[in-house]
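The chain contents come next:
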Amino acid sequence: MNRIYNLLGLACRAGKIAWGYQAVVAALKGHKAELVILARDSSPRLQAKLLRSCREYGSQGLIYGQKNELGAAMGKPPCAVVAITDRNFAALIQNGVREVDV
C-alpha cells in the first residue's frame, strides 16, 4: 500500500471520512466534505455527477485508485467514492496524489 492509502486508512480510523454515494452526497450538502475521491473504475456518469456536485458545494474532487483499493485501505468493501471531512487529511492526501502524478 502506498502513502495515500495509508492516510486514507488513518482518516477512516479517526472518523474523518464518509464513504458510499449517499454519505458523500450528505457530506457535500452539509459542507463537510473537504475532498472527494472517486475510483477510476467507477462509472463515468457517477464521476460526472459527483465532480459537478463538488464544484457546486465548493469541495475538491479527484479521481484516484480502484474501488477495491479504496475499500481495502479503509478496511471496508470495494467503494467507488469517499469524502474526507478533515482539512488536514484532505491536504495531505491531495499533496500525495500530486507527487504520484508528477
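Right above here is the structure, for reference.
Positions within a chain are numbered from 1, following the residues in the order the chain's sequence is written. Local features in this predicted model are restricted to residues of pLDDT 70 or higher, and side-chain atom pairs are both shown and tallied only at a pLDDT of 80 or more, whereas totals for entire chains, interfaces and linings draw on every residue. With hydrogens and water stripped out, all remaining heavy atoms of the structure feed into the side-chain values.

## Some points on unusual backbone geometry
Alright, step 1. Phi is positive for histidine 31, close to 55°, though the residue is something other than glycine.
Alright, step 2. For histidine 31, the location among the structural elements is in the loop between α2 (21-29) and β2 (35-38). Secondary structure counts use DSSP, requiring at least four H or I residues in a row for a helix and at least two E residues in a row for a strand, with both numbered from the N terminus.

## Let's talk about the packing of aromatic side chains
Alright, step 1. Side-chain rings of Phe, Tyr and Trp (the six-membered ring for Trp) are treated as a pair once their centres are within 6.5 Å; stacked means planes under 30 degrees apart, edge-to-face means over 60, and tilted covers the remaining angles. Applying the stated criterion across every chain, the model contains one aromatic pair.
Alright, step 2. Taken together, a centroid distance of 5.7 Å and an interplanar angle of 45° make the contact between tyrosine 5 and tyrosine 64 tilted. Pair noted here: tyrosine 5 is in helix α1 (residues 3-13) and tyrosine 64 is in the loop between β3 (60-63) and α4 (67-74), with a separation of 59 residues, a long-range link.
Alright, step 3. Only protein chains enter the accessibility calculation, which uses a 1.4 Å probe. A residue is then buried if its area is under 20% of the maximum for its type, exposed if over 50%, and partly exposed in between. The buried category is assigned to tyrosine 64, whose relative accessible area is 5%.

## Details of the packing of α2 against helix α3 (residues 44-57)
Alright, step 1. Under this scheme, a helix contributes an axis fitted over its contacting stretch, all axes are lines through C-alpha atoms, and angles between N-to-C directions fall in the 0 to 180 degree range. The contact between α2 and α3 brings their axes to 10 Å, and the two run at 20°. As judged from the angle between their axes, α2 and α3 are roughly parallel. Remark: the crossing between α2 and α3 carries left-handed chirality. Seen from α2, the contacting residues are Tyr21, Val24, Val25, Leu28 and Lys29; seen from α3, they are Leu46, Lys49, Leu50, Ser53, Cys54 and Tyr57.
Alright, step 2. Three classes are used, and their members are as follows: Ala, Val, Leu, Ile, Met, Phe, Trp, Tyr, Cys and Pro are nonpolar, Asp, Glu, Lys and Arg are charged, and the others, Gly among them, are polar. For the contact of α2 with α3, the per-class residue count stands at eight nonpolar, one polar and two charged. Relative orientations are named as follows: roughly parallel for angles under 35 degrees, roughly antiparallel for angles over 145 degrees, roughly perpendicular for angles from 65 to 115 degrees, and oblique for any other angle. Should the near helix be turned counterclockwise from the far one by less than a right angle, the crossing is left-handed, whereas a clockwise turn marks it as right-handed. Here, residues are in contact when the closest pair of their heavy atoms is within 4.5 Å.

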